[in-house]
Structure formats: structure tokens, C-alpha cells
Amino acid sequence: MKIVNKFKSIINNIKVNKQINKLIDYAKADHKESVKILFAPGFNINMSFTYHDTIIASLLHAKGAKIHYTSGHDRLMTPLMFGGVWSSGSQKLDFSKLRNGEKKARSFFDKLGEVSTMEDIVTTNDVQHIYNNIKKLDVNELLNYSLNGIDLGHDAANRLRNLDLVSDITLIKDYEEKLKLSLVNCIVYCTYFENIINKFNPDRIFSHESFYYPWSIMQKLAYKNKIDFYNYYPAVHKNAYIYAKGQHALLLDMNNIWNSIKDAQLSIENKEKILSLINGERKNGNTGILKQIRNIDEEENRKIIKYMKEKPTAVLYGNVCWDLCALDKEIFFKSIKSAYIETIEFFIKNPQYQLIIKSHPDEENPKIPVTVEKLENICKSEFNILPDNIKILMPSAPVTAYDLIPFSKCSIVYTTTVGLESTIFGTPVLTIANAHYRGKGFTFDPLNKNEYFGKLNDLLVNDKYIDDKWIELATKYYYYYYYELFYEYGIESYSNDMKNILNKPNIESYLMDKRMNNLIKSIIEGAEI
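So, here's what we can say about the structure. (Residues numbered from 1 in each chain as written. Predicted model: local features only at pLDDT ≥ 70, side-chain atom pairs only at ≥ 80, totals over all residues. Heavy atoms only, no water.)

1. Regarding the overall build of the chain
Piece 1. The helix and strand inventory of the chain stands at 20 helices and 13 strands.
Piece 2. In the chain, buried positions account for 55% of the 529 residues.
Piece 3. Long-range contacts, defined as pairs at least 24 residues apart, comprise 76% of the intrachain contacts of the chain with a sequence gap of at least 6.
Piece 4. Of the roughly 23500 Å² that the chain leaves accessible, carbon and sulfur atoms contribute 49%. (Helix = DSSP H or I, 4+ residues; strand = E, 2+ residues; numbered from the N terminus. Buried < 20%, exposed > 50% of the residue type's maximum accessible area, 1.4 Å probe, protein only. Contact = heavy atoms within 4.5 Å. Areas by Shrake-Rupley, 256 points an atom, 1.4 Å probe, with all protein chains shown as cover.)

2. Considerations on the sheet that holds strand E6 (residues 204–208)
Piece 1. Strand order in the open sheet made by the six strands is E3-E2-E1-E6-E7-E8, with mixed pairing throughout. Edge positions in the sheet fall to strand E3 (114–116) and strand E8 (241–245), since each has one partner strand and no second. Adjacent strand axes in the sheet meet at a mean angle of 20 degrees when their direction is disregarded.
Piece 2. The pairing of strand E1 (residues 35–39) with strand E2 (residues 65–70) spans five bridges and is classified as parallel. Looking at the pairing, Lys36 lines up with Lys66 of E2.
Piece 3. The strands touched by helix H20 (residues 514–525) are E1, E2, E6, strand E7 (228–234) and E8; relative to E6, the strand with the most contacts, the crossing angle is about 135 degrees. (Pairing = 2+ DSSP bridges. Axes fitted to C-alpha atoms, helices over the stretch in contact; angles between N-to-C directions.)

3. Things to note about the state of the cysteines
Piece 1. In total, this model carries zero disulfides according to the counting rule given.
Piece 2. With no disulfide partner, Cys186 has as its closest neighbouring cysteine sulfur the one in Cys190, 8.8 Å distant.
Piece 3. We classify Cys186 as buried; its relative accessible area is 0%. (Disulfide = S-S within 2.5 Å.)

4. A look at the sheet that holds strand E10 (residues 354–358)
Piece 1. If you trace the five strands from one edge of the open sheet to the other, you get E11-E10-E9-E12-E13, paired in parallel fashion. Because the sheet does not close on itself, it has two edges, and the strands there are strand E11 (390–393) and strand E13 (429–431). Mean inter-strand twist for the sheet, computed between neighbouring axes without regard to direction, equals 20 degrees.
Piece 2. Note that strand E9 (residues 313–317) and E10 share five bridges and pair parallel. Residue pairing across strands places Thr313 opposite Gln354, the latter belonging to E10.

5. Focus on the packing of helix H2 (residues 47–62) against H20
Piece 1. The contact between H2 and H20 brings their axes to 10 Å, and the two run at 65 degrees. Between H2 and H20, the angle falls in the class roughly perpendicular. By crossing handedness, the relation of H2 to H20 is classed as right-handed. Residues Ile56, Leu59 and Leu60 of H2 lie in contact with H20, whose contacting residues are Met516, Leu519, Ile520, Ile523 and Ile524.
Piece 2. Grouping the amino acids of the contact of H2 with H20 by side-chain chemistry returns eight nonpolar, no polar and no charged. (Parallel < 35°, antiparallel > 145°, perpendicular 65-115°, else oblique. Left-handed = near helix turned anticlockwise from the far one by under 90°. Nonpolar A, V, L, I, M, F, W, Y, C, P; charged D, E, K, R; others polar.)

6. With respect to the pairing of E9
Piece 1. E9 sits mainly inside the fold: five of its five residues count as buried.
Piece 2. Of the two faces of E9, both are covered, the one formed by Thr313, Val315 and Tyr317 as well as the one formed by Ala314 and Leu316.

7. So, unusual backbone geometry
Piece 1. The omega torsion of the bond from Tyr213 to Pro214 falls at 5 degrees, within 30 degrees of zero and hence cis.
Piece 2. Turning to its location among the elements, Pro214 is positioned in the loop between E6 and helix H8 (215–224).
Piece 3. Phi angles above zero are rare outside glycine, and Leu165 is one such case at about 65 degrees.
Piece 4. For Leu165, a relative accessible area of 6% corresponds to the buried category.
Piece 5. We note that Asn201 has phi near 50 degrees; this positive angle belongs to a residue other than glycine.

8. A few points about the packing of aromatic side chains
Piece 1. Enumeration over the complete set of coordinates arrives at 37 aromatic pairs.
Piece 2. Seen from their ring centres, Phe333 and Phe453 are 6.5 Å apart, and the 80 degrees between their planes marks the pair as edge-to-face. Taken together, the positions of Phe333 in the loop between E9 and helix H12 (336–349) and Phe453 in helix H16 (residues 449–461) put the pair 120 residues apart, joining distant regions of the chain.
Piece 3. On the accessibility criterion, Phe333 (3% relative accessible area) is buried.
Piece 4. Relative to Trp470, the ring of Phe444 lies with its centre 5.1 Å away and its plane at 55 degrees, an arrangement referred to as tilted. Residue Phe444 is located in the loop between E13 and H16, and its partner Trp470 is located in helix H17 (residues 468–485); the two are separated by 26 residues in the primary sequence.
Piece 5. Taken together, the ring pairs in this structure connect Phe39, Tyr69, Phe109, Phe206, Tyr232, Tyr241, Tyr243, Tyr487 and Tyr489 into an aromatic cluster.
Piece 6. It is Lys504 that lies over the ring of Tyr510; its NZ or CZ is 5.4 Å from the centre. (Phe/Tyr/Trp six-rings, centres within 6.5 Å; stacked < 30°, edge-to-face > 60°. Lys NZ or Arg CZ within 6 Å of the ring centre and 35° of its normal.)

9. Side note on the packing of helix H4 (residues 124–134) against helix H7 (residues 175–200)
How two helices pack is summed up by the angle between their axes together with the distance between the axes.
Piece 1. Direction vectors running N to C along H4 and H7 enclose 135 degrees, while the axes themselves pass 10 Å from each other. In terms of orientation, H4 lies oblique with respect to H7. Crossing of H4 over H7 shows right-handed handedness. The residues of H7 that touch H4, namely those facing Val127, Ile130, Tyr131 and Ile134, are Glu177, Lys180, Leu181, Leu183, Val184, Ile187 and Val188.

Here's what the structure looks like:
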């Protein structure tokens, strides 16, 4: 069966490559080039993103853009490039997959325009020279390092956190040396990108999600050089993308958009669509790129519910602490770790209340390495023994957030999506970090620790019911975020079948979609999306 599937996959790839090349040939038809667009390195660990970037470049080229591709993976730096990328489980990444993806991207972009490689700009001697200078620096100097006005120390630290699965880099063995190597990597990419920008002098830059390294550096250089910067993010649901100008697509400021739509009526059909999503795919873990079917144990559920009924109970829903989606979101706690610790201390001092700490399932997701700095480890390192009024649920516990929400007095969240779902199910939410839904009118959003602990105490003492307006707003926000902001433009993400691409034979078949047409038009004109 495996051999048959592999053969089908090979045949499918041949068909898709043929279709992409036809699209490129069509895009290369005679036209006047009016704008120069620089493409940052692709996220070519997955071929669907290689195809995505090529399709977008082809559509832009067909509309008059001169294309230049900045190749990012080669023999010089590939093994140090990305954080947050693994092949499976605890296995190390097979970098041949990255290189093969990059080779395919180069072959496509070479037909559309110009391609630069790092080896054209930076030599191994240059890298050694950079390291010789960096190795003299202490940790504080490394963390605060900048190059030509571009902050790189922060990128180096975040990259290391993401690679080594911790929020606190001091937990990493030989962290000082690893931080130096990470900074060297950042300096090399910054040097490379800046050189290409100076040579090509682009009007626009198009990139994968700039919240992550190394695209974060490309965005900083775009700001420095006053170049219009566009980036995209996939993965909230299959085959959907979000695009943004001038800010991280993943962290798009929703305030203006939300203010323009929050008073609009959400149809009964779309409300049911959200409830169906939560009660189906979300409860079963069958969403996102790390799908994980959850096991349910009815007896364990009964025990937890019985425990929650003994005293007023809050649930703290953990994030994966090393995930960049949870880093740099601090408001009044200095870190995600301190937020958890000080919350636990509140319940230690107040035994009349109970706290359940729900670890994030992805801390032990079999598709990625096991998290080093688990929520359980944070608790044990700070508190030898927790009192009876505090209970930790492990990542693999057969109890989901959806089992806990109806029986808790409130949900405490950092940035997890449970904050949206808890409100929809009628349980008050306290946000303690800069979640994208914070301040949208349906959560409690303290501004400092005193407000936080005061409101927490209030929610535990009193019966606080969420009115229908909050539930309506949360449902509406979830719908627009999930189905409208992340829109299916007709290009696969994290998919192998590529049916959408195979069903679109030419440029017009993509531009028939009004939103795709507007996207391409906006980038060409340097306009907001």
C-alpha cells in the first residue's frame, strides 16, 4: 500500500509541476514591468508553500511586476536557519528536504525573474570572521546586539527558544555558545538580505510570516529602507491564508477591522458553523497543522468534575511556552513563566479556592519533539509540592478544555484560543497577556496585577454570568477570524493532493476570485490589503 501511495504521490507531483510551469509560461507573456518585488526565502519544508509563493509571484509578474527571489537555504547556512521546524517527533530535521524544496523554488523563480543565493554574497570566511567577533561578547551584549540599526539579539534569543523548546534560554545546555551561533546566523542573514535589497532596490517585499525568523529580519530591513512589506501566514485551517501589509500577518491588529464589523448581524448559519467547528474538529483535536485526536476517559472526567464542585474553581489554560505565538505577549507579568508562578501563588495563599492547571496538548504532541520546559516542570521547579487545592493536568490527560469550561468559575488564558471558546460557552475569561482577542469587548482584561488578582477573586466569590451580548460578540469574532480573515484563496497549505492547483489551469482562473484579484492589485499598487 505504501508503494502504491508513493507512486501516486510521484505522479501527482509531476502533474502539479507541469501545471505550475504552464502558469509561469503564461505569466512571462510580453508585458511592461512597472514595479519591482523582492521575494524573501520560502518556507520550503513543505512543497505547498513553494507552490504558493510561485503562484503569487506568477500572478504579480503577469500584472507587471519584476520578480527577484532571495534564496534562503544552501550549504552555507541551512542547518541553522529555522526554529520551530522538525521532521517528526524527537527526530532531527532532515535538511535534505529543505534543500530539495529550495532547489525546486529556485527552478521556478529562475523562469520568472532573478534569483540570488547566499553564496553569491557571503563566504565561509565571512562567517568565521563574524563568529570570531561574536565569541568575545557576554550574554547581555549578545541579547542586545544590533547591526546597522537592526536589532538582532532578540531574534537570536527567540530563534533559540523555538529550536530548543523553552521560554527560558538558560535552561538550554551550553546556552551561551548556542546563543552566539544563533546570533551569527542572524548576522549572516541580515548581511545577505541587506545586500540584495541594496542591489535590487525593490518597491515591495513579499515574505512568509515575519513573526518568525529569518523573515523578521527582512521586515526590519524593509522598515529601515521604507519599502512596502507584505507577508502571509497559513495553518489556522486547511488551505486558508491571511495576508498583511506592514505588520505580522499572524498578529494582525484586528481593532480597525473589528470596529467596522462588530455591530453587524451574524447569520444563524454562521453561528452554527462556529458551534459545529468547536463541538466537532476543535473538541477532537482535528484542527491546525498538528492535528492530534484526543482520548476521552469518562471516569476521569467524572473525578475532575466532582473535584471542581468542591470549591470555587478557576482553570489556567497553558500555552506551549516556547512557541513564538506566546512569546513577547507580556502586559504586566515579565514572562509567561512568571504569570503562571504568581497565579499559583495566589491559590496557595487562598485555599478556599481551587485551581486546575491545564497543560497544552502540544507539549507532548507526537508530531513534534516533546517540550523541554513543560508547564508541569515550571511548577515543580518553583514549588516542590503543590497543595490539594491545585491540580495539574498533563498534556496527555484524557480531559479536554471543553470538559472543564462548564464547571469552572472562570478561565485564565495567556493567548490560547480557549479564551474565545470559553466565552462562547458562557464562562468568564481573564486575559493575562496580549491575546489577539483581548480588548474586543467579551473578556475581562486587567491592566496590572492588582486588577488581575482583584478580578480573579471577584469571579471566584460571585456568580458572574456572561450576558448574551458577550457570547454574541465572541461568536462573531471567532467566525470572522477563522473563516474571513483566514480565507481560502484556492492554494493549498499543508496539503499533498494539490487538487485546487490542478483545477486552475491559468492566471484568470485564480484572479476570478475577487479577494485574490484584490490581493494582487493591492501588492502591485503598494496599497493596504
